[in-house]
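Working through the structure, step by step
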Amino acid sequence: MAVCIAVIAKENYPLYIRSVPIQNELKFHYTVHTSLDVVEEKISAVGKAMADQRELYLGLLYPTEDYKVYGYVTNSKVKFVIVVDSSNTSLRDNEIRSMFRKLHNSFTDVMCNPFYNPGDTIQSKAFDSMVSAMMVQVS
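Residues numbered from 1 in each chain as written. Predicted model: local features only at pLDDT ≥ 70, side-chain atom pairs only at ≥ 80, totals over all residues. Heavy atoms only, no water.

In the nomenclature of an unreviewed UniProt entry, the protein chain corresponds to Trafficking protein particle complex subunit 2-like protein from the organism Coregonus suidteri.

What follows is the structure, given as structure tokens:
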């Protein structure tokens, strides 16, 4: 079950964070913030290796006792972080990839909205409902 989904701007401030349950929101803010260091390490390692620049999925960033944190970076350096419950062992890597693809497509739709100012927090109802459906779908 996805317990937190976050979109982080290029400058490392949150554009969108949604967590379930709401009581743990501060804990997930901390988890997402600490995962940014691992994201930066993986991005710099890919840059040095000159690997395929089209690979946006970073994979498992780090596991904790309760959660697994996965990362994804767009070409414009916007970061997506999904925190999954560790007890969910049925969730495979390709399912996480498809979740990130859906999230990226929905984020692209938000960015194409002429009334959205890039850098503002995401307040799109369509984006929010897509994230809600994704969290319910995985549970």
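Alright, that's what it looks like, and here's the rest.
Remarks on the overall build of the protein chain
Along its length, the protein chain carries 3 helices and 5 strands. Starting at the N terminus, the α and β elements of the protein chain follow one another as β-β-α-β-β-β-α-α. Relative to the globule expectation of 14 Å for 139 residues, the C-alpha radius of gyration of the protein chain, 14 Å, shows essentially globular dimensions. Along the three orthogonal principal directions, the C-alpha set of the protein chain runs to about 40 × 35 × 25 Å. In the protein chain, which comprises 139 residues, the proportion classed as buried is 42%. A separation threshold of at least 6 residues defines the contact pool for the protein chain, and within that pool the share at least 24 residues apart is 55%. Of the roughly 8000 Å² that the protein chain leaves accessible, carbon and sulfur atoms contribute 54%. Side-chain charges of the protein chain comprise 14 positive and 15 negative groups, with the mean position of each set lying 5 Å from the other. (Helix = DSSP H or I, 4+ residues; strand = E, 2+ residues; numbered from the N terminus. Rg over C-alpha atoms; globule rule 2.2 N^0.38 Å. Buried < 20%, exposed > 50% of the residue type's maximum accessible area, 1.4 Å probe, protein only. Contact = heavy atoms within 4.5 Å. Areas by Shrake-Rupley, 256 points an atom, 1.4 Å probe, with all protein chains shown as cover. Lys, Arg positive; Asp, Glu negative; His and termini not counted. Charge placed at Lys NZ, Arg CZ, Asp CG, Glu CD.)

Details of unusual backbone geometry
For the peptide bond that leads from V20 to P21, omega is -5 degrees, which places it in the cis range. Residue position: P21 is located in the loop between β2 (14-19) and α1 (25-49). The backbone phi angle of N12 is positive, close to 70 degrees, even though this residue is not glycine. By secondary structure assignment, the location of N12 is in the loop between β1 (2-8) and β2. With a relative accessible area of 32%, N12 lands in the partly exposed category.

Digging into the environment of E11
The topology assignment puts E11 in the loop between β1 and β2. Classification of E11 as exposed rests on a relative accessible area of 55%. Sequence spacing of E11 and R92 is 81 residues, and the spatial spacing of their C-alpha atoms is 30 Å.

A few points about the packing of aromatic side chains
The tally for this structure, following the rule as stated, stands at 6 aromatic pairs. Between Y72 and F80, the aromatic rings sit 5.7 Å apart at their centres with planes inclined by 20 degrees, giving stacked as the arrangement. Across this residue pair, the class does not change: Y72 and F80 are buried. Both rings, one in F80 and one in F107, keep their centres 5.5 Å apart while their planes meet at 75 degrees; by these two values the pair is edge-to-face. Of this pair, F80 sits in strand β5 (residues 79-85) while F107 sits in helix α2 (residues 93-112), and the two are 27 residues apart along the sequence. The residues F80 and F107 share a single accessibility class, namely buried. Taken together, the ring pairs in this structure connect Y57, Y72, F80, F100 and F107 into an aromatic cluster. (Phe/Tyr/Trp six-rings, centres within 6.5 Å; stacked < 30°, edge-to-face > 60°.)

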